[in-house]
Amino acid sequence: EIVLTQSPTTMAASPGEKVTLTCLASSSVNYMYWYQQKSSASPKLLIYYTSILASGVPDRFSGSGSGTSYSLTISSMEAEDAAIYYCLQLTSTPPTFGAGTKLELK
Amino acid sequence: EVQLVESGGGLVQPGASLKLSCVASGFTFSDYWMSWVRQTPGKTMEWIGDIKYDGSYTNYAPSLKNRFTISRDNAKSTLYLQMSNVRSEDTATYYCSAPNYGSPFAYWGQGTLVTVSS
């Protein structure tokens, strides 16, 4: 199965700061998906097909990448962005998630 | 509005069986594949499996396929997860999910917590 390695594991950002989260795949994948999970809530789809924002997602979020290297960027950190972010690959069965990056507000 | 409501979780002893349910609304349930995903207390996300819209085909994570069974009742818009011979490592929050945006995990329920302990 494809292993997704997210970095950093944990980070803190100040309001207005640019944030970049990385997801590396053990084999090439066609697309990457990104999810946001706040405290005890269910995961929420943020980005699909690597770079397309799901409905209602603020445009300060963006995704990019190809092959084995993908990233999620928040152009300007806001308090409500504090959460755990997961990447997901669907290219190979079974679908696999990264271990997550915990993003905290500084 | 898509809604998924899981139920059936709780405290269960090792070796026991448990059946989880997920009632769907806000979309035509019988038109879509549905999935189960679990999240461990350590926040690790694991795909369990999925089921075709008519219930005729299922896929499972290799490590779970001998103990977990996914089924559905389209007349009741309900998805099921039958868990057998549960182990402590099955302790997790179990989510059902529905597809959209090219992902089988576009919509999630609130989850139901299963704790396996004697």
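For the structure itself, look to the data block above.
Predicted model only: the values in this text are computed from it and were never measured.

1. Focus: the nonpolar core
What tends to happen in soluble globular proteins is that the nonpolar side chains get buried as a cluster.
Alright, step 1. Among the nonpolar cores identified, the biggest contains 65 residues, and Trp-34 and Tyr-85 of chain A together with Trp-36, Leu-79, Leu-81 and Tyr-94 of chain B are the most heavily contacted of them.
Alright, step 2. The element best represented in this core is strand β9 (residues 83-89) of chain A, accounting for six residues.
Alright, step 3. Residues contacting Leu-81 of chain B, with those up to four places away along its chain left out, are Leu-18, Lys-19, Leu-20, Trp-36, Ile-48, Phe-68, Thr-69, Ile-70 and Tyr-94 of chain B.

2. Digging into the sheet that holds strand β7 (residues 61-66) of chain A
All names here are of chain A.
Alright, step 1. On the basis of which strands lie adjacent, the open sheet formed by four strands has the order β1-β3-β8-β7 and antiparallel pairing. Sheet topology places β1 (4-7) and β7 at the edges, where each strand pairs with a single neighbour. Between one strand axis and the next, the sheet turns by 15° as a mean value, whatever way the strands run.
Alright, step 2. Pairing geometry for β7 and strand β8 (residues 69-74), over six bridges, is antiparallel. Note that in β8 the partner of Gly-63 across the bridge is Leu-72.

3. Here's the deal with the interface of chain A and chain B
Alright, step 1. Residue-level contacts link 20 residues of chain A with 15 residues of chain B.
Alright, step 2. Roughly 1,500 Å² is buried in total at the junction of chain A and chain B, and carbon and sulfur atoms are behind 66% of that figure.
Alright, step 3. The largest share of the area that chain A buries against chain B comes from Ser-42, Pro-43 and Phe-97 of chain A, three residues that together contribute 30% of it.
Alright, step 4. In this assembly, chain A and chain B are joined by zero salt bridges.
Alright, step 5. The tally of links between chain A and chain B comes to seven residue pairs in polar contact (both at pLDDT 80 or more).

Cut-offs and rules
Residues numbered from 1 in each chain as written. Chains lettered and ligands numbered in written order. Predicted model: local features only at pLDDT ≥ 70, side-chain atom pairs only at ≥ 80, totals over all residues. Heavy atoms only, no water. Core = buried A, V, L, I, M, F, W, Y, C linked by side-chain atoms within 4.5 Å. Buried < 20%, exposed > 50% of the residue type's maximum accessible area, 1.4 Å probe, protein only. Helix = DSSP H or I, 4+ residues; strand = E, 2+ residues; numbered from the N terminus. Contact = heavy atoms within 4.5 Å. Pairing = 2+ DSSP bridges. Axes fitted to C-alpha atoms, helices over the stretch in contact; angles between N-to-C directions. Buried area = accessible area lost by both parts, 1.4 Å probe. Salt bridge = Lys/Arg side-chain N within 4 Å of Asp/Glu carboxyl O. Polar contact = N/O pair within 3.5 Å; in protein donor to acceptor, adjacent residues only side chain to side chain.

What is shown is where atoms sit, not what they do.
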